[in-house]
Amino acid sequence: MKVIDIIRSSKKTFASLEIVPPLRGIGSEELLDSISPLMEFDPKYINVTCHRDEVEFIPNPDGTYRKQTIRKRVSEVAVAAAIMKRYNVDVVPHVICAGATADGIQSEIESLRYMGIDNILALRGDCLTGEKRFTPTPGGYSYASELVEAVRRSEPGMCIGVGAYPEKHFEAPNIETHVEVLKKKVDAGAVYIITQMFFDNRFFYEFESRCREAGINVPIIPGIKPLSTARQIALLPEAFSIDIPIGLSSQLAEAQDAEEVYHIGPDWCIAQCRDLIAHGVPAIHLYTMTKSRNVVEVLKACF
């Protein structure tokens, strides 16, 4: 079933999940067992992230270096196939511009359609490690809007979602420009939006209001993640350019041990979800990082 149809037909806020493909060498059974506790809550769909190949420079005997491309994780297509085989749930593979040519992406889209998948999340993808600005692959796309447009043209029946940042993308000079870029993706054919994680709902409500004022009328689904370690206070703002509210960071700093820290994250997330549900959001997208325990707590409390 297409995500947009799930959204339109749902009479109340529902939960969806996002998982990260495992590192190579980890079997499908281990992955599937790790998400099994989440399936008891009947998620409407599961997003599967895509990770570009990485580049390493390997020293040669003569002192020079050779460039080597390395794929560290199982492909999103393989993970989607494994989930579909085990569970009766729709999957939404991520498709990214980064590290791919237009022809390569088209081939992947055709493979997904062959598998019976008619949902994707279209993203530009991240820079290579060490890059300050995104560099497109020769023969590839520079922007997610170009990817959306190409997929819509070649596969008009594909349900395409896109990402957004309530606190703006770190490359955008201001939130207004970020919303303008998002509107280009919607105008190109995206039919719903999933946001990056945030920890203060005010960011989401203000962002949603800006989007509506700009003429973006597709569903906007908030993305949420329960924190699980105190170290994430430093890691997440650096990785995603997001703000950790003082109330949350203070609680984590004052926690007596790791177990107390672990419970603070889901409690904060539960409060966020309940507030979002009260405001009538169509769905809540939970970033699991393929870890079940804290997400199960949120699902139990809210769904």
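Residues numbered from 1 in each chain as written. Predicted model: local features only at pLDDT ≥ 70, side-chain atom pairs only at ≥ 80, totals over all residues. Heavy atoms only, no water.

Caption draft 1: How the structure looks around the packing of aromatic side chains. Overall, the coordinates contain three aromatic pairs when judged by the stated rule. On the numbers, 5.6 Å between centres and 15 degrees between planes, the contact of Phe198 with Phe204 is stacked. We note that Phe198, like Phe204, is buried. With centroids separated by 5.9 Å and ring planes inclined at 70 degrees, the aromatic side chains of Phe204 and Tyr205 adopt a geometry described as edge-to-face. Side by side, Phe204 and Tyr205 carry an identical accessibility label, which is buried. Within the aromatic cluster, the residues linked to one another by ring pairs are Phe198, Phe204 and Tyr205. In this structure, Arg293 is placed above the aromatic ring of Tyr262, and the distance from its NZ or CZ to the ring centre is 4.2 Å. (Phe/Tyr/Trp six-rings, centres within 6.5 Å; stacked < 30°, edge-to-face > 60°. Buried < 20%, exposed > 50% of the residue type's maximum accessible area, 1.4 Å probe, protein only. Lys NZ or Arg CZ within 6 Å of the ring centre and 35° of its normal.)

Caption draft 2: Representation of the pattern of salt bridges. Evaluated as defined, the whole model comprises nine salt bridges. In this structure, Arg133 engages Glu171 in a salt bridge whose closest nitrogen and oxygen atoms are separated by 3.6 Å. Here Arg133 is found in the loop between strand E6 (119–123) and helix H5 (144–154), whereas its partner Glu171 is found in the loop between strand E7 (159–164) and helix H6 (175–188), with 38 residues between them in sequence. Salt bridges here are not isolated pairs; linked through shared partners, they connect Glu29, Asp33 and Arg86. (Salt bridge = Lys/Arg side-chain N within 4 Å of Asp/Glu carboxyl O. Helix = DSSP H or I, 4+ residues; strand = E, 2+ residues; numbered from the N terminus.)

Caption draft 3: Molecular detail of the packing of helix H7 (residues 201–213) against helix H10 (residues 258–278). Running from N to C, H7 and H10 cross one another at 30 degrees; their axes reach a closest spacing of 10 Å. The pairing of H7 with H10 is recorded here as roughly parallel in orientation. In the crossing of H7 with H10, the sense of the turn from one axis to the other is right-handed. Two secondary-structure elements touch here, H7 through Asn201, Phe204 and Tyr205 and H10 through Gln272, Asp275 and Leu276. (Axes fitted to C-alpha atoms, helices over the stretch in contact; angles between N-to-C directions. Parallel < 35°, antiparallel > 145°, perpendicular 65-115°, else oblique. Left-handed = near helix turned anticlockwise from the far one by under 90°. Contact = heavy atoms within 4.5 Å.)

Caption draft 4: Spatial organisation of helix H4 (residues 102–114). Relative to the 18 Å expected for 13 residues at 1.5 Å per residue, H4 spans 18 Å between its end C-alpha atoms, a close match to the ideal helical length. All buried positions along H4 are accounted for by Ala102, Ile105, Glu108, Ile109 and Leu112. All buried residues of H4 fall inside an arc of 120 degrees around its axis, so they share one side. Exposed and oriented more than 90 degrees from the buried face of H4 are Asp103 and Tyr114. Gly116 lies just past H4 and shows a positive phi near 90 degrees. (Expected span 1.5 Å × (residues − 1). Arc of directions from axis to C-beta.)

Caption draft 5: How the structure looks around the side chain of Thr195. Here Thr195 lies in strand E8 (residues 192–197). Beyond its immediate stretch of four places on either side in the chain, Thr195 contacts Ala164, Pro166, Phe204, Ile220, Ile221, Pro222, Gly223 and Tyr287.

Caption draft 6: The packing of helix H9 (residues 246–254) against H10, seen in detail. Running from N to C, H9 and H10 point in directions that differ by 160 degrees, and their axes come no closer than 9 Å. Considering the angle they form, H9 stands roughly antiparallel to H10. H9 and H10 meet at a crossing whose hand is right-handed. Here Gly247, Leu248, Gln251 and Leu252 of H9 lie close against H10, whose contacting residues are Val261, Ile264 and Trp268. Looking at the contact of H9 with H10 residue by residue, the classes come out as five nonpolar, two polar and no charged. (Nonpolar A, V, L, I, M, F, W, Y, C, P; charged D, E, K, R; others polar.)

Caption draft 7: Structural detail: H6. With 14 residues, H6 extends 20 Å from end C-alpha to end C-alpha; this agrees with the ideal 20 Å at 1.5 Å per step. Along H6, the residues classified as buried are Ile175, His178, Val179, Leu182, Lys185, Val186 and Ala188. Check the buried side of H6 and you find it contacts H5, E7, E8 and H7. Capping of H6 at its N-terminal end is provided by Asn174; its side-chain oxygen lies 3.3 Å from the backbone amide nitrogen of Glu176. Where H6 ends, the next residue or the one after it, Gly189, has phi of about 135 degrees, a positive value. (Polar contact = N/O pair within 3.5 Å; in protein donor to acceptor, adjacent residues only side chain to side chain.)

None of the figures reported here should be taken as evidence of function without further support.
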